[in-house]
Number of protein chains: 2
Amino acid sequence: MALKAIVHVGLKPGVLDVQGKAVANALQGLGFVDVEDARVGKVIEIDMAGQDRAAAYDKVREMCESLLANTVIESYRIEIAQ
Amino acid sequence: MALKAIVHVGLKPGVLDVQGKAVANALQGLGFVDVEDARVGKVIEIDMAGQDRAAAYDKVREMCESLLANTVIESYRIEIAQ
């Protein structure tokens, strides 16, 4: 058996989301005039060996700090699923 | 009041996820030997004017088909939140 970790990474509030602005502008340009704003984030799903959810959470937090998120401008949220 | 649409976009099963493989390899290289595989997807949050959730869902599906997802290789999932 293995665990699956799902990491959501997004820009911190106050950081200009140029990709999101581009998406919102493009949608408005396509005629979707109801669109007010958009934000773009990443989701990383990781398959991990092992059964210990608490240990997995700690490891994934380390992964976020060292590789998955740029913590200067990005925040992250971790879910551990079976 | 407004609605928020959350669109999850990911590669279809069977499509090689090079970004995910790169993440998995990088994590293993950093010493996270429990990592077996990784997949990377996108999340797009859209703020929309209006109150009609069903109409919003239909519009967001159109957005996915025309701009947000490359439906040849990507699948998408839509959530409408308040």
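Every value quoted in this text rests on a predicted model; they were computed, and no experiment measured them. Residue indices begin from 1 for each chain and proceed along its sequence in written order. Lettering of chains starts at A and numbering of ligands starts at 1, both following the order in which they are written. Local features in this predicted model are restricted to residues whose pLDDT is 70 or higher, and side-chain atom pairs enter the listing and the counts only when it is 80 or higher, whereas totals over whole chains, interfaces and linings include all residues. With hydrogens and water set aside, each side-chain value is computed from the structure's full complement of heavy atoms.

1. Some points on the packing of helix α2 (residues 53-68) of chain A against helix α1 (residues 18-29) of chain B
Thought 1: Their axes nearest at 11 Å, the elements α2 of chain A and α1 of chain B cross at an angle of 105 degrees. Considered as vectors, α2 of chain A and α1 of chain B are oriented roughly perpendicular to each other. Here M63, L67 and L68 of chain A of α2 of chain A come into contact with α1 of chain B, specifically with V23, A26 and L27 of chain B.
Thought 2: For this classification, the nonpolar set comprises Ala, Val, Leu, Ile, Met, Phe, Trp, Tyr, Cys and Pro, the charged set comprises Asp, Glu, Lys and Arg, and every other residue, Gly included, is treated as polar. In terms of residue class, the contact of α2 of chain A with α1 of chain B is built from six nonpolar, no polar and no charged. Working convention: axes come from line fits to C-alpha atoms, limited for helices to the stretch in contact. Angles between N-to-C directions cover 0 to 180 degrees. Helix and strand definitions here come from DSSP, where helices need a minimum of 4 consecutive H or I residues and strands a minimum of 2 consecutive E residues; each element is numbered from the N-terminal end. In what follows, roughly perpendicular refers to angles from 65 to 115 degrees, roughly parallel to angles under 35, roughly antiparallel to angles over 145, and oblique to any angle outside these ranges. Every residue pair with non-hydrogen atoms within 4.5 Å of one another is taken to be in contact.

2. What to know about the environment of K21 of chain B
Residues and elements named next belong to chain B.
Thought 1: Looking at the element boundaries, K21 is found in helix α1.
Thought 2: On a C-alpha basis, the gap between K21 and D58 in space is 34 Å, while along the polypeptide they are 37 residues apart.
Thought 3: Ignoring any residue separated from it by four or fewer positions in sequence, one finds K21 in contact with L16, D37 and A38.
Thought 4: Residues adjacent in sequence count toward polar contacts only when both atoms are side-chain atoms; beyond that, a polar contact is any pair of N or O atoms within 3.5 Å, and within protein one must be able to donate a hydrogen and the other to accept it. A distance of 3.2 Å separates a polar atom in the side chain of K21 from a polar atom in the side chain of D37.

Keep in mind that these numbers describe shape and distance, not what the molecule does.
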